[in-house]
Each structure stands twice: as structure tokens, then as C-alpha cells.
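# Summary of structural features
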Amino acid sequence: DTMIFDGNSFRPEAGLLQRIQQFRGSSIQFVLSEIVAKEVIAHLTKAASEAQAQFDSACKSIEKSWLIPRTALDSTFSTLFQKKSAKRFAQERFYAFVERMGCKEISASEHVDVTELLRRYFVPEAPFSQKDTKKNEFPDAFALLSLEAMAQKSGKKLLVVSKDGDWVQFCNDSDTLIHVE
């Protein structure tokens, strides 16, 4: 779940997220829903973009107060950020993590039965709840239903790492998804 990345400060190169690498090449396969992957990339992009904007703002202040030519600051900016957009940097950073971990990304379009998704939405049934904001849970539903379908097709069980109550409830009702915090 994206909350796990958030809880680790969106730093896939360090801490608990980095420890997933211990499973690479073993019988344990690390998988991520494409939904979670896209959400993490969006968060990484936002953080990188905000950092670039803060640096640019600091450069403007330095230019005025230290009388340093903007061309020198632009050169530093270009060197630091390697002429990459925040989005490109975030994608490269995330997919380097995926590669290091030996992670497989699970496609929602290949695994989610839209009829089942809509049935769960209108009942409502996990991962949808009675809340007014249940439409915001569509990404979670795509993520969980695609992971469950992949697990069923492979005949394997998946450990789902999340702190989200709707994810927990979905896993409790699933024969193939096992929740861990």
C-alpha cells in the first residue's frame, strides 16, 4: 500500500523498504500493484518538483543578496538536477528500486473484473466502505482486486503490507491475500 512508502518517507533506497531486497532470487516474489506504483511515482514527483522550486527560489534570493550572476546559478541548477524533469527523475528512482528488489508490477487492466469492482462499490463491500468518500477508494479496489486475481491465477498466497483498514478487511475476506502491518 502507498501508506507503507509514506511511512518510510518515500525513500526506497533506505530503511525497511531497502530490506525487501533480501527476498530477491528466493522463492518469495515481491509484487506491487500498478496503482501503488503510480501513486508512489506521483508522490516522488511532487517531492522532487517542490525541492526544485525551493532551490530555484533560493537561487533568486542568492542572486539578489549575494550579487551572483544568474548564469552561474543556472549552471549549478543544471548540474544538480542533471537536466531531468522531476517526473523523469521520480520514475528513474522508483524503477531503479523495482529493479534492485526484483519486483514484479501487477497490471490492473489484466486482472480486475470490472463487474466485480462495481458490485463491491454498490453493496458496499471491502475495499469500499459506507463512507461518503468511497469513490476515492477506486484506486485501492483496483490494486487489491488485481493482486487477488494474480494470486488466484498463480495458486499462491500474497502478503499484503498495509495500515489501511479497508485493505485489512479485504484481506480478511480473501482466501489468497494475507494482511501484515
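Numbers given to residues run from 1 along each chain, matching the order in which its sequence is written. Note on the predicted model: pLDDT of at least 70 is required for a residue's local features to be given, and 80 or more for side-chain atom pairs to be given and counted; whole-chain, interface and lining totals, by contrast, use all residues. Side-chain measures here rest on the full set of heavy atoms in the structure, leaving out hydrogens and waters.

### Some words on the state of the cysteines
Such a bond, covalent and formed between the sulfur atoms of two cysteines, is termed a disulfide. Only a pair of cysteine sulfur atoms within 2.5 Å qualifies as a disulfide here. Scanning the model with the defined rule gives zero disulfides in all. Cysteine 103 supplies the cysteine sulfur nearest to cysteine 171, a cysteine that is in no disulfide, at a spacing of 17 Å.

### Here's the deal with the pattern of salt bridges
Salt-bridge detection follows one rule: a side-chain nitrogen of Lys or Arg within 4 Å of a carboxyl oxygen of Asp or Glu. For the coordinates displayed, the defined rule picks out 13 salt bridges. In this structure, the salt-bridge partner of arginine 119 is glutamate 116, at a minimum N-O distance of 2.9 Å. A residue pair is termed a helical-turn pair when its members lie 3 or 4 positions apart in one helix, as arginine 119 and glutamate 116 do in helix 7 (residues 114-122) at three residues. By relative accessible area, arginine 119 is classed as partly exposed at 36%. Numbering of helices and strands runs from the N terminus; a helix is a DSSP stretch of H or I covering at least four residues, while a strand is a stretch of E covering at least two. Whether a residue is buried, partly exposed or exposed follows from its accessible area with a 1.4 Å probe, protein chains only, as a fraction of its type maximum: under 20%, in between, or over 50%, in that order.

### Some thoughts on the packing of aromatic side chains
Between rings of Phe, Tyr and Trp, where Trp is taken as its six-membered ring, a pair exists when centres lie within 6.5 Å; planes separated by under 30 degrees are stacked, by over 60 edge-to-face, and by other angles tilted. What the rule picks out here adds up to eleven aromatic pairs. A centroid spacing of 5.7 Å and a plane angle of 80° characterise the contact between phenylalanine 55 and phenylalanine 81, whose relative ring orientation is edge-to-face. In this pair, phenylalanine 55 sits in helix 3 (residues 34-66) while phenylalanine 81 sits in helix 4 (residues 70-81), placing the two residues 26 residues apart along the sequence. For phenylalanine 81, a relative accessible area of 23% translates into the label partly exposed. Relative to tyrosine 95, the ring of phenylalanine 94 lies with its centre 5.1 Å away and its plane at 80°, an arrangement referred to as edge-to-face.

### Remarks on the confidence of the model for the protein
Values of pLDDT, which run from 0 to 100, indicate the predictor's confidence residue by residue. In the predicted model, the protein carries a mean pLDDT of 90, and 98% of its residues have values of at least 70. When pLDDT is averaged over each helix and strand of the protein, the minimum, 87, is found for helix 4 and the maximum, 95, for helix 5 (residues 86-101).

### Topic: the environment of valine 161
If you trace the backbone, valine 161 turns up in strand 3 (residues 158-161). As a C-alpha pair, valine 161 and histidine 179 span 18 residues in sequence and 6.1 Å in three-dimensional space. Excluding residues that lie within four positions of it along the chain, valine 161 makes contacts with Asp1, Ile4, Val180 and Glu181. Two residues qualify as a contact provided that any one of their heavy atoms is within 4.5 Å of a heavy atom in the partner residue.

### Focus: the environment of lysine 156
Within the secondary structure layout, lysine 156 lies in the loop between helix 8 (138-154) and strand 3. Along the sequence, lysine 156 and aspartate 175 sit 19 residues apart, while their C-alpha atoms lie 10.0 Å from each other.

### Some thoughts on the packing of helix 3 against helix 5
To get an axis, fit a line to the C-alpha atoms, keeping to the stretch in contact for a helix; angles then go from 0 to 180 degrees between the N-to-C directions. Orientation of helix 3 relative to helix 5, taken along the N-to-C sense of each, is 130°, at an axis distance of 8 Å. When the interaxial angle is binned, helix 3 and helix 5 end up oblique. In this structure, helix 3 meets helix 5 at a crossing whose hand is right-handed. In this structure, helix 3 contributes Ala37, Val40, Ile41, Leu44, Thr45, Ala48, Ser49 and Gln52 to the contact, and helix 5 contributes Ala86, Lys87, Phe89, Ala90, Gln91, Arg93, Phe94 and Tyr95. Any angle that falls under 35 degrees is termed roughly parallel, while one over 145 is termed roughly antiparallel, one within 65 to 115 roughly perpendicular, and all others oblique. If you view the pair so one helix is near and one far, a crossing is left-handed when the near helix is turned anticlockwise from the far one by less than a right angle, and right-handed when it is turned clockwise.

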